[in-house]
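Analysis of the macromolecular model
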Amino acid sequence: MHQGVQQGDPLGPLVHPLALFPVLDHLRRQLPDITVLAFHDDISLVAPVQQLDAVLRWSHQHLRRIGAQLQLSECTILHHPE
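These notes cover the structure that comes with them. The numbers attached to residues start from 1 for each chain and follow its sequence in the written order. Per-residue local features of the predicted model are confined to residues with pLDDT of at least 70, and side-chain atom pairs are confined, for both listing and counting, to 80 or more; whole-chain, interface and lining totals are unaffected and use all residues. Excluding hydrogens and water, the side-chain values take into account all heavy atoms of the structure.

With that out of the way, let us pick up the pattern of salt bridges. Criterion for a salt bridge: a side-chain nitrogen of Lys or Arg within 4 Å of a carboxyl oxygen of Asp or Glu. Counted according to the given criterion, the structure contains 3 salt bridges. Among the salt bridges present, the one from Arg28 reaches Asp25, with a minimum N-O distance of 2.5 Å. Linking Arg28 with Asp25, this pair stays in helix α1 (residues 12-30), spanning 3 residues, or about one helical turn. Classification of Arg28 as partly exposed rests on a relative accessible area of 40%. Of the charged contacts, one joins Asp53 and Arg57 as a salt bridge, the two residues approaching to 2.9 Å between their closest N and O atoms. Labels follow the DSSP assignment, with helices taken as runs of H or I lasting at least four residues and strands as runs of E lasting at least two, numbered in each case from the N terminus. Throughout, exposure labels follow a simple rule: accessible area from a 1.4 Å probe, protein chains only, divided by the maximum for the residue type, with under 20% read as buried, over 50% as exposed, and the rest as partly exposed.

Next comes the structure, spelled out in structure tokens:
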């Protein structure tokens, strides 16, 4: 079985956001204290540190529904102490 869009497919830049937008919009509605910024497959989530675990668990569960996953080796956590 094949998943996703073939590399170089001209529809790729259109199909990916169509699949990802509902998931990110749902995340934003479920956790209203976070800010979601996305450009293609680069996603930034700005959230209180107390919600980090909830955001990661939620993302893992819901991204799997569209055949996507977090690449933890490419994730960065920035913490700004108050």
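Don't stop here, the text continues.
Sheet analysis places strand β1 (residues 35-39) next to strand β2 (residues 42-46), joined by 5 bridges and oriented antiparallel. Bridging across to β2, Val36 finds its partner in Leu45. Strand pairing follows a simple DSSP-based rule, namely that at least 2 bridges must link the two strands. Linkage of β1 to β2, two consecutive antiparallel strands, is achieved through a turn of 2 residues, within which His40 is found at a positive phi near 55°.

Another aspect to go through is the nonpolar core. In this description, a nonpolar core means a group of buried Ala, Val, Leu, Ile, Met, Phe, Trp, Tyr and Cys residues linked to one another through side-chain atoms lying within 4.5 Å. Leu20, Val23, Leu24, Leu27, Leu31, Ile34, Val55, Trp58 and Leu63 together form the largest nonpolar core, which totals 9 residues. Mapped by element, the contributors of at least two residues to this core are α1 and α2 (52-63). The residues contacting Leu27, other than those within four sequence positions of it, are Ile34, Val36, Leu45, Trp58 and Ser59. Any two residues having at least one pair of non-hydrogen atoms within 4.5 Å are treated as being in contact.

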